[in-house]
Amino acid sequence: MDLLRVSAARHFQLFTTSCRNMHLLKKQAYVNGEWVQASSNAVFPVLNPADDSVIAEVPDMDAADAKTAVDAASNTFKTWKNTTVKERSYILRKWNDICLQNVDHLAEIMTAESGKPLAESKGEIAYGTSFLEWFADTARHINGEIIPGPWPNKKILVTRHPLGVVSVITPWNFPFAMITRKVGALMAAGCTCVIKPSEDTPLTALAAVELAVQAGVPKGVINVVTSSRKNAAGVGKVMCEDPAVGCISFTGSTHVGKILYGMAAKGIKRVSLELGGNAPFIVFPSADMEHALDHAMLAKFRNNGQACVAGNRFLIHESVFDKFVEGFKGRIGQKCVLGPGNKEGVTCGPLVNKAQAEKVTGLVDDAVAKGAKVLLGGKIAKHLGDKFYESTLLVDVKPDMAIYQEEVFGPVAVCYKFKDEAEALEVANSTRSGLASYVFTKDLGQAFRMSEKLEFGMVGINDGILSSCEPPFGGIKESGIGREGSKHGVEEYTDLKYTLMSALDK
Ligand code: SIN
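Residues numbered from 1 in each chain as written. Predicted model: local features only at pLDDT ≥ 70, side-chain atom pairs only at ≥ 80, totals over all residues. Heavy atoms only, no water.

## Overview of the environment of Gly311
Piece 1. Residue position: Gly311 is located in strand 13 (residues 311-317).
Piece 2. Along the backbone, Gly311 and His295 are 16 residues apart, and their C-alpha atoms lie at a distance of 9.7 Å.
Piece 3. With sequence-adjacent residues up to four places away left out, Gly311 is seen in contact with Ala279, Ala299, Lys300 and Tyr438. (Helix = DSSP H or I, 4+ residues; strand = E, 2+ residues; numbered from the N terminus. Contact = heavy atoms within 4.5 Å.)

The structure is reproduced here in C-alpha cells:
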C-alpha cells in the first residue's frame, strides 16, 4: 500500500504538471451540494490505462454513503419537482453551454482515465452535450392529454409526473455522454438522482458535475457516489433497493443489468436498461462498396470497438466477400494508429483495463486455436504496454468459437460469408442480443424487408453510426428495456396519471 501511495504521489505530480486545468480534476464525491470524502475516509486510485499511472485518488464510498446520497436526492425531490419546466430548461442549457466552454479540459481528463484518443474524447463531449441541449428543449414539451370519454359530462385527463429519485449507474466507455443522456432527461422530467460512475472513469463524471454546479444545478439534484469494485455491490444494493428510489437507469453489461433488474424487482421499481449488443453489419451485393467500407470502419473502430452498438459480426454476401475483406484490411492497416490517447495522430488507444485486454485476447486466441484465420493484428502490441490490442481482422470463424456468439468489445472485426437474404437474417437474429444492426444495400425493397425483420431496437440502412440525441436509442431482447434520447427519453422518468373529471354539468 505504501508503495502504491508513493507511486501515486509521483504519477499524480506528473499528471498535474501535464494537465493544464486542475480546477476540473475533482478528487471528492458530491453529495447534497458538498464535495465530500467517504465516511470511512477510504480512497481508491484512478489509473491511466495507457501507462498505469495514478491520475488521482477518489473516495471509496460504501452502502452508508450511498444511503446518505439517496436521502439527499429524495429530500431535494420535494422541491425540485415543483420547479417550472422553464427553470429546468434554463439550467440544462446553461450546463450545456458551460460544458462546451470546457471541452478541452474535460477531454483531457476523459482521455487520461479512459484511454480514448483526445479527438474522440472531444467528439464524445459534443455528443454528450447534445443531450443537455436536447432535453433543455424537450423539458418544455412534456405534455399530457385530454381524452374524450364514453360518458357525458366527464373528461379524462392524462398528466405526466416526475417519478422521484433515479439511480444512475454508468459505464467507462462513454463516461460523459452516458451521464448527460440520463441526467439531462431525468432533470428535465423533474427528478433528482444519485450517480455511480464506473470505478475506471469517475473523474469525468466528477468534472461534469462540477460544471453542473457552475451552471446552477441546485444542491441535492445531482449526487455522485464514487466506489471501487470492492464496494460496488453494497452501493448498488442501496441504489436499487432503497424505498426512496423510483427508477434504476443503467448502461453496461447484460450480466450486471440482470442483477440490477432482479434487485429493482423487489420494490417494483422502474428500470431503464441499456445493455450489451452483438450487432450484425450486413453487406449485400448491391451495396456501394466504398461507402460500406467507410462505415464498417466507423461501426467497428469508434472507441476502439468498446461500444455496445459496435459492429460485432460482419456478414458479407459471398459474391462480394473477398472484395470487402481486402478493402477492410487495407483501411484498417492505413487508418488505425495504436498508441496513447494523448499522442498526436493516434486513432486507437489502449483497452480500458487489464480485464478487457484479457477478454479480447481470450476470444481471439480461442478462435485461432479452432481454425480462424488472422488477416491483421491478433495480439497485444507489447511494445506499447499490456492493454494495447492490435486492430484485428479475422475470417473463417465458425459457430463453435466463443467469438461467434459473444460481444467482443474491442478492436476485432470478424467476417462471415452468407449466401442469401434469408441466411443473413437467420444468422443476424440468432442471438439473445437486440440492440443495433446495420445493412448495406441499394435495393429499396430489401432495405425495408431487413428493417422489418431484423430483431433489433435500431437498424442503420447504409450507415454505421446510429447515435444521436434525436432518435430513441435502445434495444430489445436481452439488450435492454426503455429508450434514451428523443422525446421518449424523458418519458422514462415520468409516471402517467389518469384523472377522471366528472360531474362537469353540476
Ligand atoms: C454504449 O456503447 O453504451 C453507447 C454507445 C452510444 O451511445 O453510441
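## Digging into the side chain of Asp200
Piece 1. Position of Asp200 among the secondary structure elements: in the loop between strand 8 (192-196) and helix 7 (202-214).
Piece 2. Of note is the side chain of Asp200, whose polar atom sits 3.0 Å from the side chain of Asn353. (Polar contact = N/O pair within 3.5 Å; in protein donor to acceptor, adjacent residues only side chain to side chain.)

## Description of the layout of surface pockets
Piece 1. When its volume is computed, the largest pocket comes out at roughly 1200 Å³.
Piece 2. Lining the largest pocket are 46 residues; nearest its centre among them are Phe250, Gly252, Ser253, Thr254 and Val256.
Piece 3. At the level of secondary structure, the elements contributing two or more residues to the lining of the largest pocket comprise helix 8 (229-241), strand 10 (245-251), helix 9 (254-266) and helix 12 (354-369).
Piece 4. Considering only residue class, the lining of the largest pocket consists of 17 nonpolar, 17 polar and twelve charged.
Piece 5. Counting the residues that make up the lining of the largest pocket, at least three belong to each of domain 1 (23-275 + 483-494) and domain 2 (279-473). (1 Å grid on protein atoms, 1.4 Å probe; cavity = no way out; pocket = protein on both sides within 12 Å on 5 of 7 lines; lining within 4 Å. Points joined across faces, edges and corners; volume = space filled by probe spheres on them. Nonpolar A, V, L, I, M, F, W, Y, C, P; charged D, E, K, R; others polar. Domains from an automatic or database assignment.)

## Regarding helix 10 (residues 289-301)
Piece 1. Helix length check: helix 10 (13 residues) gives 18 Å between terminal C-alpha atoms against 18 Å at 1.5 Å per residue, within 8%.
Piece 2. When helix 10 is considered as a whole, its buried residues turn out to be Met289, Ala292, Leu293, His295, Ala296, Met297, Ala299, Lys300 and Phe301.
Piece 3. At its buried positions, helix 10 is contacted by helix 5 (118-138), strand 12 (279-283), strand 13, helix 11 (321-335), strand 16 (412-418) and strand 17 (436-440).
Piece 4. Where helix 10 begins, the side chain of Asp288 points an oxygen toward the backbone nitrogen of Glu290, at a separation of 3.2 Å. (Expected span 1.5 Å × (residues − 1). Buried < 20%, exposed > 50% of the residue type's maximum accessible area, 1.4 Å probe, protein only.)

## A word on the sheet that holds strand 13
Piece 1. As summarised here, the arrangement of the seven strands in space is 14-15-16-13-12-17-18, forming an open sheet in which the pairing is mixed. Because the sheet does not close on itself, it has two edges, and the strands there are strand 14 (373-376) and strand 18 (458-461). Ignoring which end each strand starts from, the neighbouring axes of this sheet average 25° apart.
Piece 2. Relative to strand 16, strand 13 runs parallel, the two sharing four bridges. What sits directly across from Phe314, in strand 16, is Cys415.
Piece 3. Strand contacts of helix 11: strand 12, strand 13, strand 14, strand 15 (392-395) and strand 16, with the helix running at about 170° to strand 16, the strand carrying the most contacts. (Pairing = 2+ DSSP bridges. Axes fitted to C-alpha atoms, helices over the stretch in contact; angles between N-to-C directions.)

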